[in-house]
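Observations on the three-dimensional arrangement
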Amino acid sequence: MWGYHPSGIANIDDYRRAAGRRLPRLLSDYLDGGASGEVTLAANLSDLRRINLRPAVLRDVSAVSLAGGFLGACHAMPLMLGPVGSLGAFRAGGEAAAFRAARAAGIPACLSSFSVTAPEDLLDRMPPENAFQLYVLKDRGRTEALLDRVLRAGFGTLAVTVDTAVSGIRERDIRNGLRRLSRPGPAIITDFLRHPLWLAERIRARPLAMFLADDWPEAGSTYLEQAGFLAGQIDPSLTWHDLEWLRRRWPGQLVVKGILTAEDARQSVDCGAQALVVSNHGGRQLDGVSSTIRALPGIVEAIAGRAEVLFDGGIRRGGDIARALAMGASACLLGRAYVYGLVAAGEAGVTDVLRLLAEELRTTLALMGVSGISGLRAAGTVDLSRLQDDNGHG
Ligand SMILES: Cc1cc2nc3c(=O)[nH]c(=O)nc-3n(C[C@H](O)[C@H](O)[C@H](O)COP(=O)(O)O)c2cc1C
């Protein structure tokens, strides 16, 4: 399982640089970037690191286990590949490669609504612990047809994303012309030509199309047209009543993704969600909201065990996972971290990212004097004082 060890790569940031070398600027900016001034994007990363881990010595840590239960099953580690759109544009066959790597590592994965590969074409047998991420569309008939399709494909969990009433303003994409484009112009073609590995793979692969645009002629014929059209189909009129409707309509587990306040967390659970993801969409939506790690403790307290609290935003190291779990998350979703591996080396890159994070997490646990995930949740494994000192409160 852990066979691929590229030289010169020691951590996720090395994968980020490798991915940046392979991808055209248009795509690497889309992947790395956040909304507006990217304040929240930066805070997700820096606030995590302000939390000091506490060491504990002379505990027997000869057998450290990363196994943990979340979303109704036991997994090899407290991690899940989160939904990231357009994986197939970053790397041909990207969605299937990510799902295979997750399965091999014993963790679940979540397929974005805005994917190239269709839910039924991902894996020969879909483990029910995998999730499908839903953007509720203005056209409810199409939304319902999508739910039926996802259920038939074998997904047991639906993660409905609620922090995208409108798209965040991504200034890098505006500068690069991503939003206005329907077909690549000369500047983009030059950008593509400067990244021959990505381009050669793209030329060899099937033409890009979003699976949701398959039977939707108005979506347009090019990938960029389809992406723009589908983003405009996310329903901004969505309310808590619709969440109740979804709860009745979807027979499996329901996860609400994109919660950042205790009130919204409580209401999600009142509507019947089994879990929520504390997330600000990786800093890509409302800029200026708090980092997810600052939001986490208040939400864990408000939920008081009535639902599972998952976490994402800024996870780049095993120590970050330890911090989120110590503060009450039952598992973390990866976003950019696994995509960097995917871009750099396909399925083997995702596998290697998971290996790196597992190694880092195992080492962190051992040096903190705990033998398993449950030990991390004990009081006193992290020190919040640097996070609190920064602005006088947590
Ligand atoms: C390029 C990109 C595309 C994304 N697409 C989706 C998506 O289609 N649906 C969704 O719910 N979240 C999407 N996200 C958000 C991720 O699921 C996750 O919340 C975020 O990336 C976590 O932050 P991190 O990348 O710092 O780990 C996307 C994130 C990125 C970077």
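Residues numbered from 1 in each chain as written. Predicted model: local features only at pLDDT ≥ 70, side-chain atom pairs only at ≥ 80, totals over all residues. Heavy atoms only, no water.

**Thoughts on the pairing of strand β6 (residues 131-134)**
Because side chains alternate across β6, one face comprises the buried residues A131 and Q133, and the other comprises F132 and L134, equally buried. Bridge analysis of strand β5 (residues 110-111) against β6 gives two bridges, and the strand direction is parallel. The residue bridging C110 from the neighbouring strand is A131, located in β6. Judged from the four bridges that link them, β6 and strand β7 (residues 157-161) form a sheet pairing that is parallel. Residue pairing across strands places L134 opposite V160, the latter belonging to β7. In the classification by handedness, the crossover that spans β6, the intervening helix α6 (residues 140-152) and the parallel β7 is right-handed. (Buried < 20%, exposed > 50% of the residue type's maximum accessible area, 1.4 Å probe, protein only. Helix = DSSP H or I, 4+ residues; strand = E, 2+ residues; numbered from the N terminus. Pairing = 2+ DSSP bridges. Right-handed = clockwise from strand over helix to strand, strands pointing away.)

**Some words on the pattern of salt bridges**
Inspection of the entire model under this criterion finds 26 salt bridges. Salt-bridge contacts for D214 lead to R149; the nearest nitrogen and oxygen are separated by 4.0 Å. Of this pair, D214 sits in the loop between α9 (196-204) and α10 (223-231) while R149 sits in helix α6, and the two are 65 residues apart along the sequence. Relative accessible area serves as the criterion here: at 57%, D214 is assigned to the exposed category. With a closest N to O distance of 3.2 Å, R306 and D270 form a salt bridge. Placement of R306 in the loop between α13 (292-303) and β10 (308-312) and of D270 in helix α12 (residues 262-270) is noted, with a sequence separation of 36 residues between them. (Salt bridge = Lys/Arg side-chain N within 4 Å of Asp/Glu carboxyl O.)

**Topic: helix α3 (residues 39-50)**
Since the α-helix turns once every 3.6 residues, residues separated by three or four places project in the same direction. Over its twelve residues, α3 runs 16 Å from end to end, which matches the ideal 16 Å to within 8%, given 1.5 Å per residue. Residues of α3 that are buried: T40, L41, A43, N44, D47 and L48. Angular distribution of buried residues about the axis of α3 spans 165°; they occupy a single face of the element. (Expected span 1.5 Å × (residues − 1). Arc of directions from axis to C-beta.)

**Brief notes about the site of the ligand**
Every one of the 20 residues lining the ligand counts as a neighbour, but P83, S112, T161, D312 and R336 are closest to it. Contact distances for the ligand include 2.7 Å between an oxygen atom and a backbone N or O atom of P83. At 2.9 Å from an oxygen atom of the ligand is found a main-chain nitrogen or oxygen belonging to R336. Alone, the ligand offers 610 Å² of accessible surface; in the complex the protein occludes 98% of this. Counted by class, the shell around the ligand contains five nonpolar, ten polar and five charged residues. (Near = heavy atom within 4 Å. Polar contact = N/O pair within 3.5 Å; in protein donor to acceptor, adjacent residues only side chain to side chain. Areas by Shrake-Rupley, 256 points an atom, 1.4 Å probe, with all protein chains shown as cover. Nonpolar A, V, L, I, M, F, W, Y, C, P; charged D, E, K, R; others polar.)

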